[in-house]
Amino acid sequence: MNGLTFGLQLPVQAQSTLFAQPWERDAGPAEIAAVAQACDAHGFGYVAVCDHVAIPREHAPRMTTTWYDTVATLGWLAGITRRVKLLSHVYVVAYRHPLLTAKAFATLDALSGGRAVLGVGAGHLEGEFALLGVPFAERGRRTDEAVRAVRAKFADEWGGGDGGQRPRPVQPGGPPIWIGGSSPAAIDRAARLGDGWLPQGPPPEGTAAAVAALRARLAAAGRADAPFVVGGGMHVYVGVPHDGVPERAVTGEPEKIAALLRAEAELGVTHVQLSFPVRGHEELVDQIAAFAHEVMPLAGGGGEG
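Not measured: the values here are computed from a predicted model. (Residues numbered from 1 in each chain as written. Predicted model: local features only at pLDDT ≥ 70, side-chain atom pairs only at ≥ 80, totals over all residues. Heavy atoms only, no water.)

Peer 1: Give a description of the overall build of the protein chain that names residues and reports values.
Peer 2: Looking only at helices and strands, one finds 10 helices and 11 strands in the protein chain. Here the protein chain has a C-alpha radius of gyration of 19 Å; the compact-globule value for 305 residues is 19 Å, and the two agree. Each of the 305 residues in the protein chain was classed as buried or not, and the buried ones make up 52%. Long-range contacts, defined as pairs at least 24 residues apart, comprise 72% of the intrachain contacts of the protein chain with a sequence gap of at least 6. Taken as a whole, the protein chain presents about 13200 Å² of accessible surface, with 55% of it coming from carbon and sulfur. (Helix = DSSP H or I, 4+ residues; strand = E, 2+ residues; numbered from the N terminus. Rg over C-alpha atoms; globule rule 2.2 N^0.38 Å. Buried < 20%, exposed > 50% of the residue type's maximum accessible area, 1.4 Å probe, protein only. Contact = heavy atoms within 4.5 Å. Areas by Shrake-Rupley, 256 points an atom, 1.4 Å probe, with all protein chains shown as cover.)

Below, the structure is given as structure tokens:
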């Protein structure tokens, strides 16, 4: 894979107070569509949608209850975009029977012309597991089993036993499976079972150390030479920032932003998920265009996911 690939977790579809911006509260499908289509038009590699089924009442003040269904939203996006990859970031496979996950993402891949990416995670919200009748303590084991079972179904209609599934995915072997999480267990799971790793926030030990640990685990699993996605993230604002841009965001001239992105690539990062602190979806669309035309060429970016 040449250069960096850039993606965006779509706004509005998930509205935790930890990351949603104020303008998203009054937005809806039209704004999601405009942002996704801007990413599609300007060479972004993927757009991503989160996953929560039902937020327990005690967590609602912090997380809110606005979480669009992952597969329904990605399926809708497949019909209004043409080339951008469609990622679940991340899908909690422990909540569902593996046959349900395999069916949903194989169908998404067929309908989108081979653009589905299954990002999976073990989940963290114990009360949500309880609502769904799934043992929280078993989530790691269930996640590993689900990834293996889903991959078998992607590769072979009858993989894993009785119960054929059509339509078949377009991508050979089915959609790639990227493993989310920054814990040692998540990094280990990615190395053993995944086609990529999606950190959930900055790794506590730092990107360089986390990537080194990942590479060591890949080598131990006999997968050192396998194609593998290594994710990263960055808050950016191209140009002069407004008052609401947080200090952690990288702002200013395109070359300044590109230099930091190139440094990430030197650490082994292949895919960078961007976050733009903006005051509305129109400004977000403008930032997507500015990043694509002014920063991406300097950072060595490409659109393949």
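Back to the write-up after that little detour.
Peer 1: So what's going on with the packing of aromatic side chains? Residues and values would help.
Peer 2: One pass over the full model with this rule turns up 8 aromatic pairs. Between Phe129 and Phe136 the ring centres are 5.2 Å apart and the planes differ by 80°, which places this aromatic pair in the edge-to-face class. When the centroid spacing of 6.1 Å and the interplanar angle of 75° are considered together, the rings of Phe276 and Phe291 count as edge-to-face. Pair noted here: Phe276 is in the loop between β10 (271–275) and α10 (281–299) and Phe291 is in helix α10, with a separation of 15 residues, a long-range link. You'll find Phe276 and Phe291 in the same group, each marked buried. Taken together, the ring pairs in this structure connect Phe6, Phe44, Phe276 and Phe291 into an aromatic cluster. Over the aromatic face of Phe136 sits the side chain of Arg139, whose NZ or CZ is 3.8 Å from the ring centroid. (Phe/Tyr/Trp six-rings, centres within 6.5 Å; stacked < 30°, edge-to-face > 60°. Lys NZ or Arg CZ within 6 Å of the ring centre and 35° of its normal.)

Peer 1: So, helix α9 (residues 254–266): which residues are in play, and what are the values?
Peer 2: Its 13 residues place the ends of α9 18 Å apart at the C-alpha level, agreeing with the 18 Å of an ideal helix rising 1.5 Å per residue. Just beyond α9, the residue with positive phi is Gly268, at close to 110°. (Expected span 1.5 Å × (residues − 1).)

Peer 1: Describe helix α1 (residues 29–41), and please don't skip the residues or the numbers.
Peer 2: Between its terminal C-alpha atoms α1 stretches 18 Å, which fits the 18 Å expected from 13 residues at 1.5 Å a residue. All of the buried residues along α1 are Glu31, Ile32, Ala33, Val35, Ala36, Ala38, Cys39 and Asp40. Taken together, the buried residues of α1 touch β1 (4–9), β2 (46–49), α3 (70–80) and α10. In the stretch just after α1, Gly43 is the one whose phi turns positive, near 85°.

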